[in-house]
Amino acid sequence: MIRFTKMHGIGNDYIYINCLEETVADPAELARKMSRYHFGVGSDGLVLICPGTMAEDGRLSDFTMRMFNSDGSESEMCGNASRCIGKYVYDRGLTDKTTVRLMTGAGLKLLRLQVENGCVQSVTVDMGEPKFTPEEIPVLLTGDSVLDRAVEHEGRTEAISCVSMGNPHCVMFVEDPDALDLPAIGPKMEHSPLFPRRVNVEYARVIDRTHIRMRVWERGSGETLACGTGACAVLAAAAATGRTERRVRMDLLGGTLELTWNPEDNHICQTGPAAFVFDGVWLEE
């Protein structure tokens, strides 16, 4: 038996397991089983909350996150999952800190918890610095960056902007994200030969210089109601191409995030809610 908690960050729902108390032998296989709707719990994937590990600055992080998509593939980072971990570890009494150092596959992330009446109401995550060079994303194109670059895809010319937020993103600005048939077009871009590690795909509409609406096709999970790293990638692409300011409200299908790209350290900070759904016990077959 494995105890778990279902949580979501504006609809981006994951299964969380406290690995300070539970042991998971094969998280990739467990992610595939538990994430299935109708036959499992149903989720965008599985997140393990693990003990802290050593950071590059020589200090121990408070906790470590490992996350697996619903297809069992492991991802480097998730902003919504990071916020949920902040709420989990504070509300469940694993820490009394309101600034939490979280180690991820994309490096150390700082979580700042906004607490009211003993419960976390929202979390600000320092998502780090966006990367634009093709090698860091990675994308098999030349140049110092890929911003509004015209590429041939499925017989059409698409303008793409590529960003790494610790994981790879391909952003496209469109007139109406809601009109797109994402299940038809998302997988084709995710598996494009341009992206050797596959890619998360964002379709965004700039409403004004401080407001963007987006949909996302997540690598390994399909369309999700929200993607924190994807929202940061959209802001980075929009601001870098002059479409918006560096502080925006980002509307996703599951809710809204507040994003700021700070000029002082070049980091993007993301603020949003996190919520418990239910606790359960997984009975191993």
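Refer to the structure above for everything that follows.
Description of the structure in this document. (Residues numbered from 1 in each chain as written. Predicted model: local features only at pLDDT ≥ 70, side-chain atom pairs only at ≥ 80, totals over all residues. Heavy atoms only, no water.)

## Topic: the packing of aromatic side chains
Alright, step 1. Taken as a whole and judged by the stated rule, the model has 3 aromatic pairs.
Alright, step 2. Here the aromatic rings of phenylalanine 4 and phenylalanine 278 are separated by 6.1 Å at their centres, their planes lie at 80°, and the arrangement is edge-to-face. Of this pair, phenylalanine 4 sits in strand β1 (residues 2–9) while phenylalanine 278 sits in strand β18 (residues 275–282); the two residues are 274 residues apart in sequence, bridging distant segments of the chain.
Alright, step 3. You can call phenylalanine 4 buried: its relative accessible area is 7%.
Alright, step 4. Over the face of the ring belonging to tryptophan 261 we find arginine 246, whose NZ or CZ atom lies 4.1 Å from the ring centre. (Phe/Tyr/Trp six-rings, centres within 6.5 Å; stacked < 30°, edge-to-face > 60°. Helix = DSSP H or I, 4+ residues; strand = E, 2+ residues; numbered from the N terminus. Buried < 20%, exposed > 50% of the residue type's maximum accessible area, 1.4 Å probe, protein only. Lys NZ or Arg CZ within 6 Å of the ring centre and 35° of its normal.)

## Examining unusual backbone geometry
Glycine aside, residues mostly have negative phi, and peptide bonds are mostly found in the trans state.
Alright, step 1. The omega angle of the peptide bond from isoleucine 137 to proline 138 is -10°, so this bond is cis rather than trans.
Alright, step 2. Considering the arrangement of structural elements, one finds proline 138 in the loop between β8 (119–126) and β9 (149–153).
Alright, step 3. Positive phi, close to 55°, is recorded for glutamate 154, a residue that is not glycine.
Alright, step 4. Structurally, glutamate 154 is set in the loop between β9 and β10 (156–164).
Alright, step 5. Residue class for glutamate 154 comes out exposed when judged on its relative accessible area of 53%.

## Some thoughts on empty space enclosed by the protein
With a probe scaled to a water molecule rolled over the atoms, the places where space remains empty come into view.
Alright, step 1. For the structure shown, the criterion picks out 1 cavity of 30 Å³ or more.
Alright, step 2. In this structure, the largest cavity spans a volume of roughly 60 Å³.
Alright, step 3. If you go around the largest cavity, the residues you meet are Tyr14, Met67, Asn69, Ser75, Met77, Cys78, Asn167, Asn200, Glu218, Arg219, Cys227 and Thr229.
Alright, step 4. Of the residues belonging to the lining of the largest cavity, the class tally is 5 nonpolar, 5 polar and 2 charged. (1 Å grid on protein atoms, 1.4 Å probe; cavity = no way out; pocket = protein on both sides within 12 Å on 5 of 7 lines; lining within 4 Å. Points joined across faces, edges and corners; volume = space filled by probe spheres on them. Nonpolar A, V, L, I, M, F, W, Y, C, P; charged D, E, K, R; others polar.)

## Here we look at the layout of surface pockets
Alright, step 1. Considered as a void within the structure, the largest pocket measures approximately 240 Å³ in volume.
Alright, step 2. Of all the elements in the fold, those that place two or more residues in the lining of the largest pocket are β10, β11 (168–173) and α3 (182–190).
Alright, step 3. Across the lining of the largest pocket, the residue classes break down as 8 nonpolar, 1 polar and 6 charged.

## A few points about the pairing of strand β7 (residues 107–116)
Alright, step 1. Summarising the sheet, strand β6 (residues 99–104) and β7 pair through 6 bridges and their orientation is antiparallel. When the sheet's bridge partners are listed, leucine 102 is paired in β7 with lysine 109.
Alright, step 2. Adjacent in sequence and paired antiparallel, β6 and β7 are bridged by 2 residues.
Alright, step 3. In the sheet, β7 pairs with β8 via 7 bridges, with the strands oriented antiparallel. (Pairing = 2+ DSSP bridges.)

## What about the nonpolar core?
Most often, soluble globular proteins have nonpolar side chains that are buried together.
Alright, step 1. Ranked by size, the top nonpolar core spans 52 residues in total, and within it Tyr16, Val47, Ile85, Met214, Leu235, Met250 and Leu259 carry the most contacts.
Alright, step 2. Of the residues forming this core, the biggest block, 9 residues, is contributed by helix α4 (residues 228–240).
Alright, step 3. Discounting residues that sit within four places of it in the chain, leucine 235 has contacts with Thr244, Glu245, Arg246, Val248, Met250, Leu259, Thr260, Trp261 and Ile268.
Alright, step 4. Counting 17 residues, the second-largest nonpolar core is a separate cluster that includes Ile137, Met172, Phe195 and Val199. (Core = buried A, V, L, I, M, F, W, Y, C linked by side-chain atoms within 4.5 Å. Contact = heavy atoms within 4.5 Å.)

## Describing the side chain of serine 75
Alright, step 1. Following the sequence through the fold, serine 75 ends up in strand β5 (residues 74–75).
Alright, step 2. Excluding anything up to four places from it in sequence, serine 75 contacts Met67, Asn69 and Arg219.

## Things to note about a nonpolar patch on the surface
Alright, step 1. On the surface, a nonpolar cluster with roughly 360 Å² of combined accessible area is contributed by Met1, Val281 and Leu283.
Alright, step 2. Topologically, valine 281 is positioned in strand β18. (Patch = residues over 30% accessible without salt bridge, like charges linked within 9 Å, V, L, I, M, F, W, Y side chains within 5 Å. Areas by Shrake-Rupley, 256 points an atom, 1.4 Å probe, with all protein chains shown as cover. Salt bridge = Lys/Arg side-chain N within 4 Å of Asp/Glu carboxyl O.)

## Description of the pattern of salt bridges
Alright, step 1. What the rule picks out here adds up to 22 salt bridges.
Alright, step 2. When salt bridges with common partners are traced through the structure, they connect Arg3, Glu21 and Glu22 into a single cluster.

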